[in-house]
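# Fold and contact review
Residue-level listing of the chains:
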Amino acid sequence: MRTRLVSWLLRLYPRAWRAEYGAELRGMLLGRPLSAAIVVDVAVSALWQRVRAIEASTVAGIGLMLLTIAALVSNVMAPSGYAFSERIDLLQRPMRSELYVLVMAGLGFWAALPGNHWPGRAAIRASIIASTPLVVVGVLMWAGILSFVEVSPGQSAISTDGGIVYAFYKGQQQIPGPAPLVMVLSPLLRLPGAWLWGSIGGWLGRTYADWRRRPISA
Amino acid sequence: MLYRNYDYMARKPSAGPASDPELLILSSLADGPKHGWAIMGDIETFAGVTIGPGTLYNAITRLVEKELIAPREGDGRQRPYKLTARGTAALDEQLQNMRRIASIGLRRLRLA
């Protein structure tokens, strides 16, 4: 029972951590009475190690994914009219917005600081996570569950007829809305851009790290 | 910066820098290498602080990552840890800072 509890507690830790410290902690836990306080202490510490083990690209990807979901929900909610063309890029094409570029470049910068040689790969990972909701929308559009309408500037609310409508505001430049296939393939379509911006950020990060490590001249 | 507020699981009647697991571990290793058990016992003796095993190994993980301590060769189950040169310098700096602050605080208390 006691051995099983200790094994269960150790399984809460990330695998890499267990490989390094697991035997020591196991020996310590088996060598003394296990109080409730110790069990809680070990469980909380294990969760903290799990949080620490999450990659920055996952955090950035989830953050962008939430933003993408907010933009999609905003479009589905179909606001009665729109007059703010500035918001179109963010709401209609969150994966092409300046924010997306900044996050990808920032992630590449951050990844390169501790010596990650593949900042573009970290950006790609974040981009794939972030674009997951677009795939879902594309599939729903394809299946006919989600209607898709294009709205030009000045047009008013959309008649939904009780269905769910994904509204795409074409903006002043009358850019057509994305086809379902494009939505489904969006994670792949975003890869070159993600890699490019992540690599640029990574180059800046490496340059900054080298500058910080430079020898101090007398 | 060596000292951070990582005292979330250390249990001690008084809070503050003296209950910081990282500082306590560094202080424990100042007189020679010790393994986890010995570190815990030593801290209980000299600081009156009981650190849980999870908290202890979280702090050890951070200190190893910061290269302030390093494991020595052992049988894998209970490796002893030792202070690195960087850890010695960091501990010395931290303790000097604490001594300076303590001395100023005590002097002001006496004047008040």
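Basis of the calculations
Residues numbered from 1 in each chain as written. Chains lettered and ligands numbered in written order. Predicted model: local features only at pLDDT ≥ 70, side-chain atom pairs only at ≥ 80, totals over all residues. Helix = DSSP H or I, 4+ residues; strand = E, 2+ residues; numbered from the N terminus. Buried ≥ 20, exposed ≤ 12 C-beta atoms within 10 Å, placed from the backbone. Contact = placed C-beta atoms within 7 Å. Axes fitted to C-alpha atoms, helices over the stretch in contact; angles between N-to-C directions. Parallel < 35°, antiparallel > 145°, perpendicular 65-115°, else oblique. Nonpolar A, V, L, I, M, F, W, Y, C, P; charged D, E, K, R; others polar. pLDDT = per-residue confidence, 0-100. Core = buried A, V, L, I, M, F, W, Y, C linked by C-beta atoms within 7 Å. Expected span 1.5 Å × (residues − 1). Left-handed = near helix turned anticlockwise from the far one by under 90°.

### Quick word on the overall build of chain A
Each helix and strand in chain A was counted, giving ten helices and two strands. Put simply, chain A runs from its N terminus to its C terminus through helices and strands in the order α-α-α-α-α-α-α-α-β-β-α-α. Counting every position in chain A, which comprises 218 residues, the buried fraction comes to 31%. Taking all contacts inside chain A whose residues are at least 6 apart in sequence as the whole, residues at least 24 apart take part in 71%.

### A look at the overall build of chain B
Looking only at helices and strands, one finds four helices and two strands in chain B. Start at the N end of chain B and walk to the C end: the helices and strands fall as α-α-α-β-β-α. Counting the 112 residues in chain B, one finds 33% classified as buried. Look at the contacts in chain B between residues 6 or more apart in sequence, and 50% of them connect residues 24 or more apart.

### Remarks on the packing of helix α3 (residues 36-53) of chain A against helix α3 (residues 53-65) of chain B
In contact at an axis separation of 7 Å, α3 of chain A and α3 of chain B are set at 30 degrees when each is read in the N-to-C sense. In terms of axis orientation, α3 of chain A runs roughly parallel to α3 of chain B. Residue-level contacts link Ile 38, Asp 41, Val 42, Val 44, Ser 45, Ala 46, Trp 48 and Gln 49 of chain A of α3 of chain A to Pro 53, Gly 54, Thr 55, Tyr 57 and Asn 58 of chain B of α3 of chain B. Of the residues in the contact of α3 of chain A with α3 of chain B, the class split is seven nonpolar, five polar and one charged.

### Considerations on unusual backbone geometry
At Glu 67 of chain B, a position not held by glycine, the phi torsion is positive, near 60 degrees. For Glu 67 of chain B, a count of 12 C-beta atoms within 10 Å translates into the label exposed.

### Notes on the interface of chain B and chain A
Contacts between the two partners involve 14 residues from chain B and, on the opposite side, 16 residues from chain A. If you list the elements that add at least two residues to the side of chain B that touches chain A, you get α2 (36-47) and α3 of chain B. Ranked by the residues each element gives to the side of chain B that touches chain A, the list is headed by α3 of chain B, at six residues. Among the residues forming the side of chain B that touches chain A, the class breakdown is four nonpolar, eight polar and two charged.

### Quick notes on the confidence of the model for chain B
Detailed reading of the predicted coordinates is not advisable wherever pLDDT is low. Residue and element names in this part refer to chain B. Mean pLDDT over chain B: 83, with 80% of residues reaching 70 or higher. Across chain B, the element-wise mean pLDDT spans from 92 in α2 up to 95 in helix α1 (residues 21-28). Counting interchain partners and residues more than four positions distant, the pLDDT-below-50 stretch residues 1-15 has 30 contacts. For this predicted complex, the interface score ipTM comes out at 0.78, while the overall pTM is 0.61.

### Brief notes about the nonpolar core
In this structure, Ile 25, Leu 26, Leu 56 and Ile 60 of chain B are the most contacted members of the largest nonpolar core, which totals 30 residues. Counting residues in each nonpolar core, the second largest holds 19 residues, with Ala 60, Ile 124, Ile 129 and Trp 197 of chain A among its members.

### Some thoughts on the environment of Ala 46 of chain A
Structurally, the position occupied by Ala 46 of chain A is in helix α3. Take Ala 46 of chain A: there are 22 C-beta atoms within 10 Å of it, and that puts it in the buried class. Beyond its immediate chain neighbours, meaning those up to four positions away, Ala 46 of chain A contacts Leu 9, Leu 12 and Tyr 13 of chain A together with Gly 54 of chain B.

### What about helix α4 (residues 85-111) of chain B?
Over its 27 residues, α4 of chain B extends 39 Å from the first C-alpha to the last, a length consistent with the 39 Å expected when each residue adds 1.5 Å. In this structure, the buried side of α4 of chain B is in contact with α1, β1 (69-71) and β2 (81-83) of chain B.

### Topic: the packing of helix α1 (residues 2-11) of chain A against helix α2 (residues 15-30) of chain A
Residues and elements named next belong to chain A. Contact geometry for α1 and α2: axes closest at 10 Å, N-to-C directions at 150 degrees. Here α1 is positioned roughly antiparallel relative to α2, judged by the angle of their axes. The crossing of α1 and α2 is right-handed. Across the interface between the two elements, Thr 3, Val 6, Leu 9 and Leu 10 from α1 touch Arg 18, Gly 22, Leu 25, Arg 26, Leu 29 and Leu 30 from α2. Classifying every residue of the contact of α1 with α2 by side-chain character gives six nonpolar, two polar and two charged.

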